[in-house]
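As a plain string of letters, each chain reads:
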Amino acid sequence: MLIAATIAILVVMIMAILRAITGPTLYDRILAVNMFGTKTVLLISLLGFVMGRPEFLDIAIVYALINFISVIGVLHYSDAKVFKASEQQKK
Amino acid sequence: MGSLMEIASVVFLVIGSFLCVSGGVGILRFPDFYTRMHAVGVTETLATAMILIGLMLQNPDGLVLLKLIIILLMTLFISPTASHALASAAVHNNLIPELDNKAESEKESSSNP
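Residues numbered from 1 in each chain as written. Chains lettered and ligands numbered in written order. Predicted model: local features only at pLDDT ≥ 70, side-chain atom pairs only at ≥ 80, totals over all residues.

Draft legend 1. Representation of the overall build of chain A. Along the backbone of chain A there are four helices and zero strands. For chain A, the α and β elements follow one another from N to C terminus as α-α-α-α. Burial status across chain A gives 37% buried among its 91 residues. (Helix = DSSP H or I, 4+ residues; strand = E, 2+ residues; numbered from the N terminus. Buried ≥ 20, exposed ≤ 12 C-beta atoms within 10 Å, placed from the backbone.)

Have a look at this one:
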């Protein structure tokens, strides 16, 4: 059952990458990357249990923190011209 | 008792996997940024909680259980914060919802022929 959940999360990660590649706006890409990071935390936790080494959970904790900081760090520049340019393309 | 915990773990893992896949289908199929964010933000927190609870019921020892609880609490705090920051940045930069825009343009074209 753990392996089935791992495969489901891998499929969802592929879906998130597809949205990050074909996203029409910049916010879609950021959303997809955020979702990809959260699913990576789950994948690392599940792989730790599948491989019988739950010490992987330390890496999952660190990855959750890095994911949050990366999203907030990108959004810190949301006043820059790039964000508004992508939105003007959409109009 | 052990088999009961295994059954509960499998049920939680199945529900969490289903919610993950529904969030993935939502981010691919929904037409707009805000609807995509609704799909991801709603399913992400619950799916993560379900899968982590399913892992907690796999009968690990104390430290592993503590780490799983830490990951669950961090996800429950971090994911809504990131979603809120992303949505407020999108609204601040005048990203217009698509369906609302189309309805307004139809209304304008029908009222001002």
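Draft legend 2. Summary view of the overall build of chain B. Within chain B, the secondary structure is distributed over four helices and zero strands. Shown N-terminal to C-terminal, the secondary structure of chain B runs as helices and strands in the order α-α-α-α. When burial is assessed residue by residue, chain B has 32% of its 113 residues classed as buried. For chain B, long-range pairs separated by at least 24 residues make up 67% of all intrachain contacts whose partners lie at least 6 apart in sequence. (Contact = placed C-beta atoms within 7 Å.)

Draft legend 3. Looking closely at the packing of helix 2 (residues 26–50) of chain A against helix 2 (residues 33–56) of chain B. Contact geometry for helix 2 of chain A and helix 2 of chain B: axes closest at 11 Å, N-to-C directions at 10°. The orientation of helix 2 of chain A with respect to helix 2 of chain B, classified from their angle, is roughly parallel. On helix 2 of chain B, the residues that touch A:Tyr27, A:Asp28, A:Leu31, A:Met35, A:Thr38, A:Leu42, A:Ser45 and A:Phe49 of helix 2 of chain A are B:Phe33, B:Arg36, B:Met37, B:Val40, B:Glu44, B:Thr48, B:Ile51, B:Leu52 and B:Leu55. Here the residues of the contact of helix 2 of chain A with helix 2 of chain B are counted per class, giving eleven nonpolar, three polar and three charged. (Axes fitted to C-alpha atoms, helices over the stretch in contact; angles between N-to-C directions. Parallel < 35°, antiparallel > 145°, perpendicular 65-115°, else oblique. Nonpolar A, V, L, I, M, F, W, Y, C, P; charged D, E, K, R; others polar.)

Draft legend 4. A look at helix 3 (residues 57–75) of chain A. The end-to-end C-alpha distance of helix 3 of chain A, which contains 19 residues, comes to 27 Å, matching closely the 27 Å that a straight helix rising 1.5 Å per residue would cover. Buried within helix 3 of chain A are the following residues: A:Leu57, A:Ala60, A:Ala64, A:Asn67, A:Phe68 and A:Val71. Seen from one end, helix 3 of chain A has its buried residues packed into an arc of 90°, which puts them on one side. What points out from helix 3 of chain A, more than 90 degrees from its buried face, is the exposed set A:Val62, A:Leu65, A:Ile69 and A:Gly73. On the buried face of helix 3 of chain A, the contacting elements are helix 2 of chain A together with helix 3 (62–92) of chain B. (Expected span 1.5 Å × (residues − 1). Arc of directions from axis to C-beta.)

Draft legend 5. Structural context of the nonpolar core. Counting residues in each nonpolar core, the largest one holds 46 residues, and the members touching the most others are A:Ile9, A:Tyr27, A:Leu31, B:Ile51 and B:Leu86. Listing elements by their share of this core, those giving two or more residues are helix 1 (2–22), helix 2 and helix 3 of chain A together with helix 1 (2–29), helix 2 and helix 3 of chain B. Considering each element in turn, this core owes the most residues, eleven residues, to helix 2 of chain A. Contacts of B:Ile51, omitting those with residues within four sequence positions, involve A:Ala5, A:Leu42, B:Leu13 and B:Gly16. (Core = buried A, V, L, I, M, F, W, Y, C linked by C-beta atoms within 7 Å.)

Draft legend 6. Expanded view of the confidence of the model for chain A. Averaged over every residue, the pLDDT of chain A is 86; residues scoring 70 or more account for 92%. The lowest-confidence element of chain A is helix 4 (residues 81–90) of chain A, averaging 61 in pLDDT; the highest-confidence one is helix 1 of chain A, averaging 92. (pLDDT = per-residue confidence, 0-100.)

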